Amino acid sequence: MNFKSLSLLAAAGLCTLSLCGSVSAAELRVATNPTFPPFEFQDSNTGTIQGFEMDLVAEIAKKLGDTVKIDKITFDGIIPAILSGSVDLGASGFSVTPERGKKVLFSLPFYKSGLTILVPKANKAGITDFESLKGKRISVQLGTTSMQFAKKIPDAEITTFDHVGDAVLNMMAGNADAVINDKPVTDYMLHTNKSIAAGTTHLAPIATADYFAMVVAKNNTKLQQDINAALKQLKAEGTFDKLHEKWFGIPADPELLK
């Protein structure tokens, strides 16, 4: 084999390596604390981390042409991990707050959360909003923001339970007029428990509303822009809404689809 042939082979090899490098996917390192169903939680049988936000991460990565590496860490360790550069993205039901905004950049919001009201289907107490809860019997989960909020309602009779499911069953048994609870938890419960869904009505008003978003480092504006562009595509093509219905049983808030 002459020198020219060797040169051509070497060039071809370099070209092949270059092509391989150009098509190989980058790795999107994602930190989450999978204890927040239905946004991120582990399947009890397989241990797989799943949920609405995890599905969004997977779809975003497809748009970016990236593979995903999930790091399971404590919630309070996620932002420090982003700041240290050991992960690229935090996806763990982060509320958009000014305090967090001093440390990280937020993606476009993907969920509007807050406290909502669940009433029996008959709704004999005529409850329509938070104002009409005055003087009513309210069931809540012990130690939650729902309990704190309920205690501020004038003349309300508050009953507490260790689990929100018990609070709902207490109401359905006729011992309370309403349940106050976090909107995503209630939506997920109604989606997965058809008997409760059939016997109750989830009212639209939201108290203490906040938005959930993914977080990246302050200096990573490129990733923020790429994630936002991917989210806009997912919303425009209907994938976002389909995933929302998959996990919550209802369409996404129209405000989030803009």
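The shown structure was predicted, so the numbers you read here are calculated from the model rather than taken from an experiment.

1. Details of the overall build of the protein
Line of reasoning, step 1. Looking only at helices and strands, the protein has 10 helices and 13 strands in total.
Line of reasoning, step 2. Compactness check: the protein gives a C-alpha radius of gyration of 24 Å against a globular reference of 18 Å for 258 residues, more than 25% above the reference.
Line of reasoning, step 3. Principal-axis analysis of the C-alpha atoms places the extent of the protein at approximately 95 × 35 × 35 Å.
Line of reasoning, step 4. For the protein, buried positions account for 42% of its 258 residues.
Line of reasoning, step 5. A separation of at least 24 residues holds for 69% of the contacts in the protein among residues at least 6 apart in sequence.
Line of reasoning, step 6. Summed over all atoms, the accessible surface of the protein reaches about 13200 Å², with 56% contributed by carbon and sulfur.
Line of reasoning, step 7. Positive and negative charge centroids in the protein, built from 26 and 27 side chains respectively, lie 4 Å apart.

2. Topic: helix H10 (residues 239–248)
Line of reasoning, step 1. The complete set of buried residues in H10 reads Thr 239, Phe 240, Leu 243, His 244, Trp 247 and Phe 248. Taken end-on, H10 shows its buried residues confined to a sector of 145 degrees, consistent with a single buried face.
Line of reasoning, step 2. Tucked inside the fold, the buried residues of H10 contact strand E3 (40–42), strand E4 (49–50), helix H2 (52–64), strand E8 (111–120), helix H7 (183–192) and helix H9 (221–237).

3. Brief notes about the environment of Val 216
Line of reasoning, step 1. Note that Val 216 resides in strand E13 (residues 207–217).
Line of reasoning, step 2. In this structure, the C-alpha to C-alpha distance between Val 216 and Thr 201, residues 15 residues apart in sequence, is 37 Å.
Line of reasoning, step 3. Setting aside its immediate chain neighbours within four residues, Val 216 contacts Ile 82, Asp 88, Leu 89, Val 104, Leu 105, Leu 223, Gln 224 and Ile 227.

4. Topic: the UniProt feature "domain: Ionotropic glutamate receptor C-terminal" (unreviewed entry) in the protein
Line of reasoning, step 1. In the numbering adopted here, UniProt assigns the feature "domain: Ionotropic glutamate receptor C-terminal" (unreviewed entry) to residues 27–250.
Line of reasoning, step 2. Split by type, residues 27–250 is 38% helix and 31% strand. Its first and last C-alpha atoms lie 32 Å apart.

5. Some remarks on the side chain of Asn 170
Line of reasoning, step 1. Checked against the element boundaries, Asn 170 lands in helix H6 (residues 164–175).
Line of reasoning, step 2. Ignoring anything within four residues of it in the chain, the contact list for Asn 170 reads Ser 139, Phe 161, Asn 175 and Ala 176.

6. Some points on the environment of Pro 80
Line of reasoning, step 1. Relative to the helices and strands, Pro 80 is located in helix H3 (residues 78–84).
Line of reasoning, step 2. Taking the C-alpha atoms as reference points, Pro 80 and Ala 217, separated by 137 residues in sequence, lie 9.7 Å from one another.

7. Considering the sheet that holds E3
Line of reasoning, step 1. Taken in spatial order, the 3 strands line up as E2-E3-E4 in an open sheet, and their pairing is antiparallel. Only two strands of the sheet have a single partner each, and these edge strands are strand E2 (35–36) and E4.

8. Considering the domain arrangement of the protein
Line of reasoning, step 1. Split into domains, the protein comes out as domain 1 (27–112 + 210–256) and domain 2 (115–206).
Line of reasoning, step 2. Its C-alpha centre places domain 1 at a distance of 29 Å from the equivalent point of domain 2.
Line of reasoning, step 3. Every contact between the two is made by 12 residues of domain 1 and, on the other side, 6 residues of domain 2.
Line of reasoning, step 4. Here domain 1 and domain 2 share an interface that buries about 760 Å² over both sides, 65% of which is from carbon and sulfur atoms.
Line of reasoning, step 5. At the surface where domain 1 touches domain 2, the tally comes to 0 salt bridges.
Line of reasoning, step 6. Summed over the shared surface of domain 1 and domain 2, the number is 2 residue pairs in polar contact (both at pLDDT 80 or more).
Line of reasoning, step 7. Of all the secondary structure elements, the ones that give two or more residues to the side of domain 1 that touches domain 2 are E8 and H10.
Line of reasoning, step 8. Top contributing element to the side of domain 1 that touches domain 2 by residue count: H10, with 4 residues.
Line of reasoning, step 9. Its residues placed into classes, the side of domain 1 that touches domain 2 shows 8 nonpolar, 1 polar and 3 charged.

9. Observations concerning the nonpolar core
Line of reasoning, step 1. Core analysis: the biggest nonpolar cluster contains 28 residues, and Phe 52, Leu 89, Phe 110 and Met 214 have the highest contact counts within it.
Line of reasoning, step 2. Secondary structure elements with two or more residues in this core: strand E1 (26–32), H2, strand E6 (89–95), E13, H9 and H10.
Line of reasoning, step 3. Ranked by residues supplied to this core, first place goes to H2 with 6 residues.
Line of reasoning, step 4. With residues near it in sequence (within four places) discarded, Leu 89 still touches Leu 28, Arg 29, Val 30, Ala 31, Val 57, Ile 82, Met 214, Val 215, Val 216 and Ile 227.
Line of reasoning, step 5. By size, the runner-up hydrophobic cluster in this structure holds 16 residues, among which are Phe 130, Ile 153, Ala 156 and Ile 180.

10. Quick look at unusual backbone geometry
Line of reasoning, step 1. The amide bond that connects Pro 37 to the next residue, Pro 38, takes the cis arrangement and shows omega of 5 degrees.
Line of reasoning, step 2. Tracing the chain through its elements places Pro 38 in the loop between E2 and E3.
Line of reasoning, step 3. The phi torsion at Asp 155 lies on the positive side, around 60 degrees, for a residue other than glycine.
Line of reasoning, step 4. Within the element layout of this structure, Asp 155 appears in the loop between helix H5 (145–150) and strand E10 (157–161).
Line of reasoning, step 5. Residues other than glycine seldom take positive phi values, yet Thr 208 does so here, at roughly 50 degrees.
Line of reasoning, step 6. Position of Thr 208 among the secondary structure elements: in strand E13.
Line of reasoning, step 7. On the basis of relative accessibility, which here comes to 52%, the residue Thr 208 falls in the exposed class.

Cut-offs applied
Residues numbered from 1 in each chain as written. Predicted model: local features only at pLDDT ≥ 70, side-chain atom pairs only at ≥ 80, totals over all residues. Heavy atoms only, no water. Helix = DSSP H or I, 4+ residues; strand = E, 2+ residues; numbered from the N terminus. Rg over C-alpha atoms; globule rule 2.2 N^0.38 Å. Buried < 20%, exposed > 50% of the residue type's maximum accessible area, 1.4 Å probe, protein only. Contact = heavy atoms within 4.5 Å. Areas by Shrake-Rupley, 256 points an atom, 1.4 Å probe, with all protein chains shown as cover. Lys, Arg positive; Asp, Glu negative; His and termini not counted. Charge placed at Lys NZ, Arg CZ, Asp CG, Glu CD. Arc of directions from axis to C-beta. UniProt positions renumbered as here; feature names shortened; annotations may be inferred. Pairing = 2+ DSSP bridges. Domains from an automatic or database assignment. Buried area = accessible area lost by both parts, 1.4 Å probe. Salt bridge = Lys/Arg side-chain N within 4 Å of Asp/Glu carboxyl O. Polar contact = N/O pair within 3.5 Å; in protein donor to acceptor, adjacent residues only side chain to side chain. Nonpolar A, V, L, I, M, F, W, Y, C, P; charged D, E, K, R; others polar. Core = buried A, V, L, I, M, F, W, Y, C linked by side-chain atoms within 4.5 Å.

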